[in-house]
Structure formats: C-alpha cells, structure tokens
Amino acid sequence: MEPFELREFQDLTLREAVEGMADLYLKVAKAAERLVEESYAGAGDFKAGDEKAADCRYEFPIDIEQIARYLEMTIEKKSLNREESRSFSRILGIITSQNGRAVVVVDNEVSYKMQRYTIANAVGRFLLSQTETSLKCSYAIPLVPQSLEEIAADVIALFLLLPMKAFKDEFLHYLEGCGDWPLDVDAWMVYLGDKSQIPQFNLAIGYQQMKQVLCYQRQEDFKNSGFDISKIFDDPYDIIYA
C-alpha cells in the first residue's frame, strides 16, 4: 500500500469548496426567509409583496402548513406504513404534483415534529420541481436517500423551519438568559429543537448548514464594509459568534 500523502487534502481545494457551498446555502436561506415572510403576509389582510409584508412578524415554531397553503399545496394525513411493518425505513410522506398543483400525504402515526418536517421537505421537493409537469416521490428515514434531490430538499426544509433572523433572535435570547458558562451545547440543541419543533435528527444536520451560512454572511458583510472593525462590534448579534 502506498503511504498516505498529506497533500491529498490540499489538492482537494476543500476550503474553496466549503466557501462555494456556504454561498449557495446563503442564497437558499434568503429565498426561504422571503417565502416565510410572504406566506405569513398572505395570511393577513394585505397582499404578499407589498410594504406591509416586510413588517410581518413570525416566531417559532414556523407554521409550515401556512407556507404550503400559500403555495396552494394540499395536505392530507393518514397511516402510510401498516403494510410495511418489517421495513427498516418508514415512509413519512408522499408528494404528487401535476401542472403546479401538489398534494402531500403525511403519515399521521409519527410525531408532530416529524410531520412538520415531512411537510417542509415536500415543500422543498415541490419548489425544486417547478420545471417538471408532474412529480411523484416519497420521503423516508433513516436509510440513505436514493436521490441527491432529497438532500437538496432537506436544505430548503431546514431554512424554512429555521429562518436566519428567527434563529439569530432565539440564539441571542438564549445566551442572554443562559446561566451555563461555557454553553452546554446539548442543552441548547434540545431547547432549539423544542422551540422550533424540528426533530433532533434533522436539526443536528441542518444546524451545521446554519453555522456555515451565518459565518459566511458575517465575513461577506465585513468585507463589504471595507473591513471596518466597528461594524463587527456594533453587531447586535455579536455574542452568538465565537
């Protein structure tokens, strides 16, 4: 066997790849945040997209069914796994779409958190399939997905259920009232999962994406300010960063 070369990791240009992924995640996060804002605005007494939409207030847990309704998706809940009791994987949801109209069937025998995340994943699949005339697919865990599109839908789902500003506000609030020094990460994750109503399995994955996004966003803001250090110190969210 040939000896391991330390340069192997350098040749992967991993740092550049991570930066590119963070930039992509940030674009997804911003688009997801706009969708959350407009879906909440659309449920009020004014039209989504007008000036009042920017003043729309939302908090955890995000109403993912309202977002689905805003996209004219129909949600149904019923048992999906009674005939597959010996399967390792559990079907959590099935989405079918025809000419831009989607129906999502969610397993009603899983937890409330998992039902919410299943709907969010279906919204992600629906948004990714806008160029297709029809769509039919299922969502299941915990086995490895057969399509990278499901992973892409998970990225959208996470940022819909965990919008950037809502996350930063919640993290800031938690740290300001936290008596643990240093921070107990496990306790914080349990708190965030309960507050956002996201399953720990999905939150643990998505939390890493959120860290990438916020780190990259702050670096970009710092660069765009001409590397003005006062911008960092004036950031009201400064304590959420290491």
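Further up the page is the structure itself.
If you're wondering where the values come from, they're calculated on a predicted model, not measured in any experiment.

Even after reading the chapter, I still don't get the pairing of strand 3 (residues 101-107), so can you show me in this structure?
Successive residues of a regular strand alternate their side chains across the two faces of the sheet. In terms of residue burial, strand 3 counts as a mostly covered element, since 5 of its 7 residues are buried. Relative to strand 3, strand 1 (residues 74-78) runs parallel, the two being bridged by 5 bridges. For Ile75, the partnering residue across the bridge sits in strand 3 and is Val104. Pairing between strand 2 (residues 90-98) and strand 3: 6 bridges, direction antiparallel. Note on strand 3: the bridge partner recorded for Thr96 is Val103.

Got a minute to help me understand helix 7 (residues 185-196) in this structure?
What sets the pattern is the α-helix's 3.6 residues per turn: residues three or four places apart point alike. The terminal C-alpha atoms of helix 7 lie 16 Å apart, and with 12 residues this matches the ideal 16 Å at 1.5 Å per residue to within 8%. Those residues of helix 7 that fall on the buried side of the exposure criterion are Trp188, Met189, Leu192, Gly193 and Ser196. Each buried residue of helix 7 sits inside an arc of 135° when the element is viewed along its axis, so together they form one side. Packed against the buried residues of helix 7 are helix 4 (112-128), helix 5 (148-161), helix 6 (164-176) and helix 8 (200-224). Put simply, Asp184 is the residue that caps the front of helix 7, since its side-chain oxygen is 3.1 Å from the backbone nitrogen of Asp186. Following helix 7 by one or two positions, Gln197 adopts a phi angle in the positive range, close to 60°.

About the criteria used
- Residues numbered from 1 in each chain as written.
- Predicted model: local features only at pLDDT ≥ 70, side-chain atom pairs only at ≥ 80, totals over all residues.
- Heavy atoms only, no water.
- Buried < 20%, exposed > 50% of the residue type's maximum accessible area, 1.4 Å probe, protein only.
- Helix = DSSP H or I, 4+ residues; strand = E, 2+ residues; numbered from the N terminus.
- Pairing = 2+ DSSP bridges.
- Expected span 1.5 Å × (residues − 1).
- Arc of directions from axis to C-beta.
- Contact = heavy atoms within 4.5 Å.
- Polar contact = N/O pair within 3.5 Å; in protein donor to acceptor, adjacent residues only side chain to side chain.

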